[in-house]
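The primary structure of each chain is shown beneath.
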Amino acid sequence: MAGLSTKAIKTRIKSMQSTRQITKAMELVAASKLRSAQAKAISSRPYFQTLYAAMDEIADTNNDFTSPYLHANPNGKPAYVVIAGDRGLAGGYNNNILKLAYSQMEEGAAVLPIGKKAVEYFKRKNVTVITESYAEAASVSIGDCYTIAKMLADGFLDGSFGKLTLGYTNFVSMLSQTPSTLDLLPLRVSTEKRPSQNTILYEPGSEAVFNAIVPEYLGGVLYGALCESTASEQAARRTAMDSATKNADEIIDDLNLRYNRARQGAITQEITEIVAGAEQS
Amino acid sequence: MSSFHLQIVTPDGLFYDGQAESLNLRAAQGGLTILPRHTNFVTTVGMGPAKVVLDGNARTAACIGGMLSVINGEVRLIATTFEWAEDIDRERAKSALERAEAKLADASLSKEEHRLAESAKRRAQVRLSIPQA
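Bear in mind that the values here come from a model prediction, so they are computed numbers and not experimental data.

Cut-offs used in this document
Residues numbered from 1 in each chain as written. Chains lettered and ligands numbered in written order. Predicted model: local features only at pLDDT ≥ 70, side-chain atom pairs only at ≥ 80, totals over all residues. Heavy atoms only, no water. Pairing = 2+ DSSP bridges. Helix = DSSP H or I, 4+ residues; strand = E, 2+ residues; numbered from the N terminus. Contact = heavy atoms within 4.5 Å. Axes fitted to C-alpha atoms, helices over the stretch in contact; angles between N-to-C directions. Salt bridge = Lys/Arg side-chain N within 4 Å of Asp/Glu carboxyl O. Buried < 20%, exposed > 50% of the residue type's maximum accessible area, 1.4 Å probe, protein only. Parallel < 35°, antiparallel > 145°, perpendicular 65-115°, else oblique. Left-handed = near helix turned anticlockwise from the far one by under 90°. Nonpolar A, V, L, I, M, F, W, Y, C, P; charged D, E, K, R; others polar.

All names here are of chain A. Reading across from one edge, E3-E2-E1-E4-E5 is the order of the five strands in this open sheet, with mixed pairing throughout. Of all strands in the sheet, those bounded by a partner on one side alone are strand E3 (128–129) and strand E5 (177–185). With six bridges connecting them, strand E1 (residues 77–83) and strand E4 (residues 161–171) associate as parallel partners. For Tyr80, the partnering residue across the bridge sits in E4 and is Thr165. Sheet strands touched by helix H3 (residues 116–124): E1, strand E2 (110–114) and E3. Its angle to E2, the strand with the most contacts, is close to 150 degrees.

Below you can see the structure in the form of structure tokens.
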């Protein structure tokens, strides 16, 4: 590149600058979206955790195994809900969660993708897609989460789904997001033998309670996971765009240096030529 | 007086985390009160007022849907909607009630629409039934 003319360098600086403008703008947009997403993720966390803890305790204490939600359906397809983003340029965010979910998928699995990238990915991999109605992760509301949960719970009850797993990205901090999977159905059952005085009293009955609670639980977990994933996406994009902006800055600095050198070189050359010309005459 | 640990959460966040002497709410099968040393218990929550008592002071709230679990003395109320009496937007509830009633008056509703309007009406009624704090 040393031989590039000043004009060529100038063009490269211009193009670099416009790239930098775009990445900077994306970073700012992601940062402002991140603020609201993070607040949402943090305020939904107690719900997510309490719900999970309560279900965990119920599993530990329960010794009423009549509910169909406690048993896997051997004939049903394993179903997966995978939450990814709508857009790329978010570092490894989409790729990490999609790869993780795909690597854990069993043969003949069906998937309910949330987010455009997830829909595209699973279609390309020829995985059965349950529905594409939730292609836009940004527009999925809490009501939608409960609708999805109801649909999946019904599918589990009628035997079309054998088990249910959720893939999402955990928002650990601004700089760290970890993709993870969570087994939702069948509900975990503790195999430990317990004294019978610890039985849980279900009102009006275990069957009715489980039937009412499980869709609610799934919806709650789904909503929590969605909040976490959205926050993760924005954080990942912000970090990626921040480093892209920094890279662009570096390249622009470098090109500026080259440009100045080339300009100076040209001037020096011109002077040398003039001086040489003057001496000859 | 003896108390128990109570947590009240909804998707909007944590509403209560601390000791309580009693919790009164409307479960699927009718009103019930949880007192300390309650047996392990799980039920679904209906729509209605909820009352938390601590040090003899009662706080009321509108509580709609969800589940209640009492496991080894830990009480968790995981509601779909939970609003303390002072946080209820009465104007909004009133207009929601009017809208739902107007919708129910329309005979051409599908079953699903009817169900939605009916539950919207119930929610508004529950909110309005809570005495102002």
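Tallied over the full model, the rule gives eleven salt bridges over all chains. Linking A:Arg258 and A:Asp254 is a salt bridge whose minimum nitrogen-to-oxygen distance equals 3.3 Å. Separated by four residues within a single helix, A:Arg258 and A:Asp254 lie in helix H5 (residues 206–280), roughly one turn from each other. Judged by relative accessible area, A:Arg258 falls into the partly exposed class, the value being 29%. The salt bridge partner of B:Arg59 is B:Glu86, with a shortest N-O separation of 2.8 Å. Pair noted here: B:Arg59 is in strand E7 (residues 57–71) and B:Glu86 is in the loop between strand E8 (74–84) and helix H1 (90–105), with a separation of 27 residues, a long-range link.

Residues and elements named next belong to chain B. Pairing analysis gives three bridges linking strand E3 (residues 22–27) to strand E6 (residues 47–54), with the strands arranged antiparallel. Considered in E6, the bridge of Asn24 is made with Lys51. Judged from the five bridges that link them, E3 and strand E4 (residues 30–34) form a sheet pairing that is antiparallel. Paired with Ala27 across the strands is Gly30, a residue of E4. The turn linking E3 back onto E4 is made up of two residues.

The description of two helices packed together rests on the angle between their axes and the distance between the axes. Residue and element names in this part refer to chain A. Contact geometry for helix H2 (residues 93–104) and H3: axes closest at 11 Å, N-to-C directions at 45 degrees. Classified by the interaxial angle, the pair formed by H2 and H3 is oblique. Between H2 and H3 lies a crossing of right-handed hand. Counted together, Asn94, Leu98, Lys99, Ala101 and Tyr102 of H2 and Lys117, Ala118, Tyr121 and Phe122 of H3 form the full contact between these two elements. Grouping the constituent residues of the contact of H2 with H3 by class yields six nonpolar, one polar and two charged.

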